[in-house]
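# Architecture and fold: a report
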Amino acid sequence: MSKRNKKRSMQQVFALVILLSSIVVGGSWLLSPKTAQAADVVVYKSPTCGCCKKWVSHMRENGFSVEVHEQYNVTPKKDEYGVPRRLRSCHTAKVGGYVVKGHVPADVVRQLLEEQPEIAGVAVPGMPMGSPGMEGFRKDPYDVISFTDSGKTGIYASR
């Protein structure tokens, strides 16, 4: 084999190695979960509820991506996610494996995701004035309640 053919052959091998490396790296990038990220928040809400729509906007304004499922009866999701009856109100969401029920502020959701406590979720029972989605002429104090799969509750945060 001549030097010229050897050089061309080495260039072809080198090009093939580069091509295969690109395919492996590119393919793994395409298949990685970061490429097709799920929404940070998956929320189930009534299509006619204005306060739920405002809570979704609040979450988006605070950097969360939100996937909305509109359904007139959200009770089956509350049942499926094990939300204690006394903590139920509006919309129900899943965030990072936790249930988020009602008008929970985005900063509390971030705290929940950072701390990773051993609970099933958090809830703002009722619809307190001044909570995200319930903005108005006054701001009432309220608690964000944590709950476990067994139904045990506690105060997670106060506003």
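Scoring rules and cut-offs
Residues numbered from 1 in each chain as written. Predicted model: local features only at pLDDT ≥ 70, side-chain atom pairs only at ≥ 80, totals over all residues. Heavy atoms only, no water. Helix = DSSP H or I, 4+ residues; strand = E, 2+ residues; numbered from the N terminus. Expected span 1.5 Å × (residues − 1). Buried < 20%, exposed > 50% of the residue type's maximum accessible area, 1.4 Å probe, protein only. Arc of directions from axis to C-beta. Contact = heavy atoms within 4.5 Å. Pairing = 2+ DSSP bridges. Axes fitted to C-alpha atoms, helices over the stretch in contact; angles between N-to-C directions. Salt bridge = Lys/Arg side-chain N within 4 Å of Asp/Glu carboxyl O.

We now examine helix 2 (residues 50-61). Between its first and last C-alpha atoms helix 2 spans 16 Å; for 12 residues at 1.5 Å apiece the expected length is 16 Å, and the two agree. Taken residue by residue, helix 2 has Cys 51, Cys 52, Trp 55, Val 56, His 58 and Met 59 as its buried positions. What you see down the axis of helix 2 is that its buried residues fit within an arc of 155°, all on one side. Opposite the buried face of helix 2, by more than 90 degrees, sit the exposed residues Lys 53 and Glu 61. Packing partners of the buried residues in helix 2 comprise strand 1 (41-45), strand 2 (66-70), strand 3 (92-95), strand 4 (98-102) and helix 4 (106-115). Following helix 2 by one or two positions, Gly 63 has its phi on the positive side, about 90°.

This part takes up the sheet that holds strand 1. Sheet architecture is open: seven strands sit in the order 2-1-3-4-5-6-7, paired in mixed fashion. Edge positions in the open sheet fall to strand 2 and strand 7 (153-158), since each of these has one partner strand only. Going from strand to strand, the sheet's axes swing by 25° on average, the running direction of each strand aside. As paired strands, strand 3 and strand 4 are joined by four bridges and run antiparallel to one another. Each bridged residue has a counterpart across the sheet, and for Ala 93 the counterpart in strand 4 is Val 100. Helix 2 rests against strand 1, strand 2, strand 3 and strand 4 of the sheet, and its axis sits at about 170° to strand 1. Against the sheet, helix 4 makes contact with strand 3, strand 4, strand 5 (121-124), strand 6 (143-147) and strand 7, and its axis sits at roughly 120° relative to strand 7, the strand it touches most.

By the definition in use, this model includes five salt bridges. Taking the shortest distance from any N to any O, the salt bridge between Asp 79 and Arg 88 comes out at 2.8 Å. For the salt bridge of Asp 107 with Arg 159, the shortest nitrogen-to-oxygen distance reads 3.0 Å. With Asp 107 in helix 4 and Arg 159 in the segment after strand 7, this residue pair connects regions lying 52 residues apart in the sequence.

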